[in-house]
Amino acid sequence: MKPISQTRYREYRGNRYEGMLPAHVVDCPECGQRVSIPDLHQGKKAHCPNCNRYLVRVEKNPYQAPLAYSAASLILMLFTYSMLFITVSMPGVTSILTLPSMFASLLQSDFNFLAVTLLILVFGTPLLFLLLCVYVYTALIRNRNYPGLLYATRVMVRLKHWIMVDVFFISTLVAYIKLSSVSMTQFGAAFWLMFALAVMLIRTSSSIPAHWLYHKIHLIRHKNAIQRPSENTGCCSRCLYFRNHDEKTCGVCGADLFNRRPHSLKISLAFLIAAVLLYIPANILPIMISSNPFNEQINTIFNGIVYMWKDGDKLIAVIIFSASILVPVAKIIAMLFLLVSAHYKLPMPAAKMSLLYRITDSVGRWSMVDIFVIIILMSAFHTPIARVLPGPAAVYFCLVVILTMLSAYFFDPRLLWDKEKQQLAQDKAV
């Protein structure tokens, strides 16, 4: 006879820890191909056979893993934001930095926009994401419909894309190269913990497949998110569930419902034009002002890169050039190329154009490296002996990064495949 505790444990796993996703149909959000998804068990995933885009996935440990990762991340965050981050020492001056002190330095210097940017992307968004993750997955494990559970899930899924702890950590390494050349710099415990926090946040985010999660949340609410496709339904491009045409917003994920995003090209182009216009003052105006008792140096993005290259900081010059000039310019050119191609004619197969879109959409956030480097340098050098202040270009450049991300978000890649089908039909007619 088996022990009662072991029997209850197996019943508990069978009733509440089963993570299988039943067979159903989805439309690929990138090419529009209708795909029949088979039964997916834990650790399995499905890709679109047409464009090879990832569609749906079930985590290997779908209930335990996200809760464990998020709890570990919260503990790491508590220590990371309360312990010494970095110490910068110069003759007669020592700056002891913590992450809250960096935020306070920005507020005291009236750089409120940069302070809010740092607070949201490096502290606020990760904290809210982790708290919501604990709340949602606790409800899943207990099989209880907590108050506001669906809304909490929707917010959590959207926050995944705006967590930039990993970008800030890389920015610290870039700033260290510059700091170590003019001062004695030592990392505190918080720096090493931030690396662990960044890794854990990435793992937490990747362990939350939105499609599977929405299915389980709706089962708790005694509803079924899965519907069969028909003439009266359309597939949501965000959660990949079919919804009735009379719904204006998706009853599953809360996103706007559409066959193709309305005015996608116009909205994406508008954000891109705004980014281009703001990129001009971002390069012309000073982005960083360095001063000491003997002189003051005012640098634009390009002048700062040239100065660092000539000063021997070639590695940091290459990194800043990539983050501040190469990536933003390449993304603007790539988005313009995609927009023009989707409107007029595809110069290459839609599969390659879709790959270009994926790359463009994924690299935009790394342009924030330059902004975070300035924030770190400003926090390290804020004495009469050595002072670093952000210039007005910092705000413009930060807006450029956000606008290019929005331009990619509002672009509907299915228009590329529609244009390819249109071109093939025209060629056959001729």
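Computed from a prediction, not measured in an experiment: that's the story for all the values here.

Engineer: I tried to follow the pattern of salt bridges on my own but got confused; where do I start?
Structural biologist: Charged atoms that come close allow side chains of opposite charge to pair. Applying the stated criterion across every chain, the model contains nine salt bridges. A salt bridge links Arg53 to Glu30, with the shortest nitrogen-to-oxygen separation between them at 3.7 Å. Highlighted residues: Arg53 in the loop between strand 3 (45–47) and strand 4 (54–57) and Glu30 in the loop between strand 1 (24–27) and strand 2 (34–37), separated in sequence by 23 residues. A relative accessible area of 27% means that Arg53 is categorised as partly exposed. Note on Glu30: relative accessible area 3%, which makes it buried. Residues joined by salt bridges that share partners form a network here, namely Glu30, Arg53 and Arg358.

Engineer: Please clarify how the packing of aromatic side chains should be interpreted in this entry.
Structural biologist: The geometry of an aromatic ring pair is captured by the separation of the ring centres together with the interplanar angle, meaning the angle of the planes. As enumerated under the stated definition, the model contains 15 aromatic pairs in all. The interplanar angle of 20° and the centroid separation of 5.5 Å between the aromatic rings of Phe271 and Phe410 together place this pair among those described as stacked. With a gap of 139 residues between them, Phe271 in helix 9 (residues 264–284) and Phe410 in helix 14 (residues 393–410) connect regions that are remote in the sequence. Judged by centre distance (5.5 Å) and plane angle (45°), the rings of Tyr357 and Phe411 are tilted. On the criterion of sequence distance, the pair formed by Tyr357 in helix 12 (residues 350–363) and Phe411 in the loop between helix 14 and helix 15 (414–429) is long-range, its members being 54 residues apart. The pair Tyr357 / Phe411 is uniform in exposure class, with both members buried. Connected via pairs of aromatic rings, a cluster forms that spans Phe85, Phe168, Phe169, Tyr176, Phe187, Phe191, Trp192, Phe195 and Phe372.

Engineer: Sorry, what's going on with the environment of Ser70 here?
Structural biologist: Considering the arrangement of structural elements, one finds Ser70 in helix 2 (residues 64–80). You can call Ser70 buried: its relative accessible area is 0%. In this structure the C-alpha to C-alpha distance between Ser70 and Arg158, which are 88 residues apart in sequence, comes to 16 Å. Once residues lying within four places of it in the same chain are set aside, the contact partners of Ser70 are Leu130, Cys133, Val134 and Thr204. Among the polar contacts made by the side chain of Ser70, one reaches the main-chain carbonyl oxygen of Pro66 at a distance of 2.8 Å.

Engineer: Which parts of the structure should I look at to understand helix 8 (residues 210–220)?
Structural biologist: Because an α-helix packs 3.6 residues into every turn, residues spaced three or four apart end up facing the same way. The buried count for helix 8 comes to ten of eleven residues, which makes it a mostly enclosed element. Listed as buried for helix 8 are Ala210, His211, Trp212, Leu213, Tyr214, His215, Lys216, Ile217, His218 and Ile220. Those residues of helix 8 hidden inside the fold are in contact with strand 1, strand 4, helix 4 (112–142) and helix 5 (149–159). In the segment just after helix 8, His222 is the residue with positive phi, at about 60°.

Engineer: Can you help me understand the UniProt feature "transmembrane region" (unreviewed entry) in the chain in this one?
Structural biologist: The feature "transmembrane region" (unreviewed entry), as annotated in UniProt, sits at residues 67–93, 113–138, 159–177, 189–214, 269–289, 315–342, 363–381 and 393–411 in this numbering. Strand forms 0% of residues 189–214 and helix 88%; the C-alpha atoms that close the span are 38 Å apart. Its end C-alpha atoms 33 Å apart, residues 269–289 is made of 76% helix and 10% strand.

Engineer: Where do I start with unusual backbone geometry in this structure?
Structural biologist: Trans peptide bonds make up most of the peptide bonds, and negative phi angles are found at most residues other than glycine. Even without a glycine there, the phi angle at Leu240 is positive, about 70°. Here Leu240 lies in the loop between strand 8 (233–235) and strand 9 (242–244). A residue is classified by how much of its surface remains accessible, and Leu240, at 4% relative accessible area, is buried. Even without being a glycine, His263 presents a positive backbone phi close to 55°. Looking at the element boundaries, His263 is found in the loop between strand 9 and helix 9.

Engineer: Just to check I follow, could you spell out the nonpolar core for this structure?
Structural biologist: Within the largest apolar cluster, 129 residues are counted, with the highest numbers of intra-cluster contacts made by Phe168, Leu213 and Phe372. The biggest single contributor to this core is helix 4, with 14 residues. Leu213 has contacts with Val136, Tyr137, Leu140, Thr153, Met156, Val157 and Ile208, leaving out every residue within four places of it along the chain.

Engineer: I tried to follow a nonpolar patch on the surface on my own but got confused; where do I start?
Structural biologist: Where nonpolar side chains cluster on the molecular surface, the patch consists of Leu269, Ile273, Leu277, Ile280, Ile284, Leu336, Val340 and Tyr344 and spans about 780 Å² of accessible area. Elements represented by at least two residues in the nonpolar patch include exactly helix 9 and helix 11 (314–343). When residues of the nonpolar patch are assigned to their parent elements, the largest contribution, five residues, is made by helix 9. Structurally, the position occupied by Leu336 is in helix 11. Residue classification places Leu336 among the partly exposed positions, given a relative accessible area of 43%.

Engineer: Please clarify how the sheet that holds strand 7 (residues 184–187) should be interpreted in this entry.
Structural biologist: The strands making up a sheet associate through hydrogen bonds between their backbones, and the pairing can be parallel or antiparallel. Reading across the sheet, the three strands line up as 6-5-7 and stay open at both edges, with antiparallel pairing between neighbours. Edge strands, defined here as strands with exactly one partner in the open sheet, are strand 6 (93–97) and strand 7. Averaged over neighbouring strand pairs, the angle between their axes works out to 10° when direction is ignored. Pairing of strand 5 (residues 86–90) with strand 7, which is carried by four bridges, proceeds in the antiparallel orientation. Its bridge partner lying in strand 7, Ile86 is registered against Phe187.

Engineer: How should the state of the cysteines be read in this particular structure?
Structural biologist: Structurally, a disulfide amounts to a covalent bond that connects the sulfur atoms of two cysteines. Under the counting rule described, the total for this entry stands at zero disulfides. Cysteine Cys31 is unpaired, with the sulfur of Cys48 as its nearest cysteine sulfur at 3.5 Å. Among the cysteines around Cys235, which has no disulfide bond, Cys236 carries the closest sulfur, lying 7.0 Å off.

Rules used throughout
- Residues numbered from 1 in each chain as written.
- Predicted model: local features only at pLDDT ≥ 70, side-chain atom pairs only at ≥ 80, totals over all residues.
- Heavy atoms only, no water.
- Salt bridge = Lys/Arg side-chain N within 4 Å of Asp/Glu carboxyl O.
- Helix = DSSP H or I, 4+ residues; strand = E, 2+ residues; numbered from the N terminus.
- Buried < 20%, exposed > 50% of the residue type's maximum accessible area, 1.4 Å probe, protein only.
- Phe/Tyr/Trp six-rings, centres within 6.5 Å; stacked < 30°, edge-to-face > 60°.
- Contact = heavy atoms within 4.5 Å.
- Polar contact = N/O pair within 3.5 Å; in protein donor to acceptor, adjacent residues only side chain to side chain.
- UniProt positions renumbered as here; feature names shortened; annotations may be inferred.
- Core = buried A, V, L, I, M, F, W, Y, C linked by side-chain atoms within 4.5 Å.
- Patch = residues over 30% accessible without salt bridge, like charges linked within 9 Å, V, L, I, M, F, W, Y side chains within 5 Å.
- Areas by Shrake-Rupley, 256 points an atom, 1.4 Å probe, with all protein chains shown as cover.
- Pairing = 2+ DSSP bridges.
- Axes fitted to C-alpha atoms, helices over the stretch in contact; angles between N-to-C directions.
- Disulfide = S-S within 2.5 Å.

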